[in-house]
Amino acid sequence: MRRCIVLATTALLSLGGWLIAPQARAAVGDGSPSDTNISFVGRWNTTNTSAYVPYWAGAYLRVGFTGRTVKLRQRNAVDLWASVDGRAFTAYGKVSGTVDLTPAGLASGNHTLIVSYRQVAGSYTGDAVFQGLVLDAGAATFKAPARSRLIEFVGDSITAGTTSSQLAVTDYGFVTGERLGADHTQIAIGGMCLSETSDGCWAHETRYWMSSGGQAGTDLWNFSRYTPAAVVINLGTNDKSHGVSGTDFQAKYVTFLTRIRAKFPNAKLYAMRTFIGRYAAETKAAVQARNSAGDAAVFYVDTTGWLPADGLSDSVHPNDKGHLAIATKLVPILS
């Protein structure tokens, strides 16, 4: 028989990018959302201790477990991706209820699991709600091997993985983080600008500071929940289409970098040239302005020539090959 999941109330704090529940009332290792062995990476709503909700793109959970099988407890239909023991991610489309991630069974012993949900944004309205794990009788969770740092990627549809085969999971940010053995999160939604515009472009200058960005709610994010070692910014592709002048873009980029620095005093900040070259000079100038102000840990990343000729799925968005090429260039920079 499968053992039932016991849900309990707990208060969550942060330590080095990992969510820790110090006085958890649930039994350690039971697979419930408040299980302290599960690491929820990225921006998650954890107010309902029986149902955790990931926000933005690229949020995921990591955990170790014993036994031969693992299942997810979902509420309503959602698309998700899961990787067991470091294997390639498997896609699960429109699944709900109890979702079996190991139908063939595993060898007995210790295993690891990563689960990433499709971002709820735009026309997609899946129910991205984690309600716990179901394990074998007598099995338990354990902390997956620790990752020493977290990298935050900030952007638009490109950073959210739009048009790649598995969206956020096949995006350059997710791939780069995995290659570096680092935790990672993508604060990105399709169509986002850096700048607020009169025609209503969703803008990071206001929404980056929110828990859920373009999703329901406008509550401010608690930046003590995790602390990235690096923040990688890729913005400007959409601003040009909304009529933002180069002068305004540069000024707002300087302000954005300054505000992020105030939140993360010790992080390295990387401002990427947009892959199609929009606002390249202004982005570089914004970095130089911060350097001149005494912030030596802000860097301009020149992405000229990073994408192969067949690395785009349209005129803007990288395909899987393009995202892999970007990750290959980013890894040595961030390492």
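The protein chain appears in an unreviewed UniProt entry as Endoglucanase from Actinoplanes palleronii.

Okay, helix α5 (residues 280-292) next. Across its 13 residues, α5 extends 18 Å between first and last C-alpha, which sits within 8% of the 18 Å expected from 1.5 Å per residue. Among the structural elements, α4 (246-263), β17 (268-272) and β18 (298-301) are those in contact with the buried residues of α5. In the stretch just after α5, G294 is the one whose phi turns positive, near 105 degrees.

With that settled, consider helix α2 (residues 172-180). An α-helical turn contains 3.6 residues, so a residue and the one three or four places further along point in the same direction. Every buried residue of α2 is accounted for by Y172, G173, F174, V175, T176 and G177. Two to three positions downstream of the cap, the backbone nitrogen of G173 sits 2.7 Å from a side-chain oxygen, assigning the N-cap of α2 to D171. The positive-phi residue at the C-terminal boundary of α2 is G181, with phi of around 65 degrees.

This next bit is on the state of the cysteines. Applying the stated criterion across every chain, the model contains 1 disulfide. Note that C193 is cross-linked by a disulfide to C201, the S-S spacing being 2.0 Å. Disulfide C193-C201: the torsion about the S-S bond is 100 degrees, which places it as right-handed. Judged by its relative accessible area of 0%, C193 is buried.

Ranked by size, the top nonpolar core spans 38 residues in total, and within it V154, Y208, I233, Y253, F256 and I260 carry the most contacts. Of all elements in the fold, only β14 (150-155), β16 (230-233), α4, β17 and α5 reach the threshold of two or more residues within this core. Looking at which element gives the most residues to this core, the answer is α4, with 5 residues. When near neighbours in sequence (up to four residues on either side) are disregarded, F256 contacts V154, L194, H204, E205, Y208, W209, I233 and L235.

Attention now moves to the side chain of S164. The residue S164 is located in the loop between α1 (157-160) and α2 in this model. The class for S164 is buried, based on a relative accessible area of 5%. Reaching out from S164, the side chain makes a polar contact with the backbone oxygen of L167 at a distance of 3.0 Å. Among all residues touching S164, those that are not within four sequence positions of it are T170, D171, P318, D320 and H323.

Moving on, we come to the packing of aromatic side chains. As enumerated under the stated definition, the model contains 18 aromatic pairs in all. The interplanar angle of 90 degrees and the centroid separation of 6.1 Å between the aromatic rings of Y172 and F275 together place this pair among those described as edge-to-face. Taken together, the residues Y172 in helix α2 and F275 in the loop between β17 and α5 connect sequence positions 103 residues apart. Both residues of the pair, Y172 and F275, belong to the buried class.

Glancing now at the side chain of S32. For S32, the location among the structural elements is in the loop between β2 (18-20) and β3 (39-41). Judged by relative accessible area, which is 0%, S32 ranks as buried. Within the structure, the side chain of S32 is placed 2.9 Å from the side chain of D30, a separation counted as a polar contact.

Evaluated as defined, the whole model comprises 9 salt bridges. One salt bridge connects D295 with R290, and the closest N-O pair in it is separated by 3.3 Å. Taken as a pair, D295 and R290 share a single burial class, namely buried. A network of salt bridges, in which partner residues are shared, links R147, E178 and D183.

Calculation criteria
Residues numbered from 1 in each chain as written. Predicted model: local features only at pLDDT ≥ 70, side-chain atom pairs only at ≥ 80, totals over all residues. Heavy atoms only, no water. Helix = DSSP H or I, 4+ residues; strand = E, 2+ residues; numbered from the N terminus. Expected span 1.5 Å × (residues − 1). Contact = heavy atoms within 4.5 Å. Buried < 20%, exposed > 50% of the residue type's maximum accessible area, 1.4 Å probe, protein only. Polar contact = N/O pair within 3.5 Å; in protein donor to acceptor, adjacent residues only side chain to side chain. Disulfide = S-S within 2.5 Å. Core = buried A, V, L, I, M, F, W, Y, C linked by side-chain atoms within 4.5 Å. Phe/Tyr/Trp six-rings, centres within 6.5 Å; stacked < 30°, edge-to-face > 60°. Salt bridge = Lys/Arg side-chain N within 4 Å of Asp/Glu carboxyl O.

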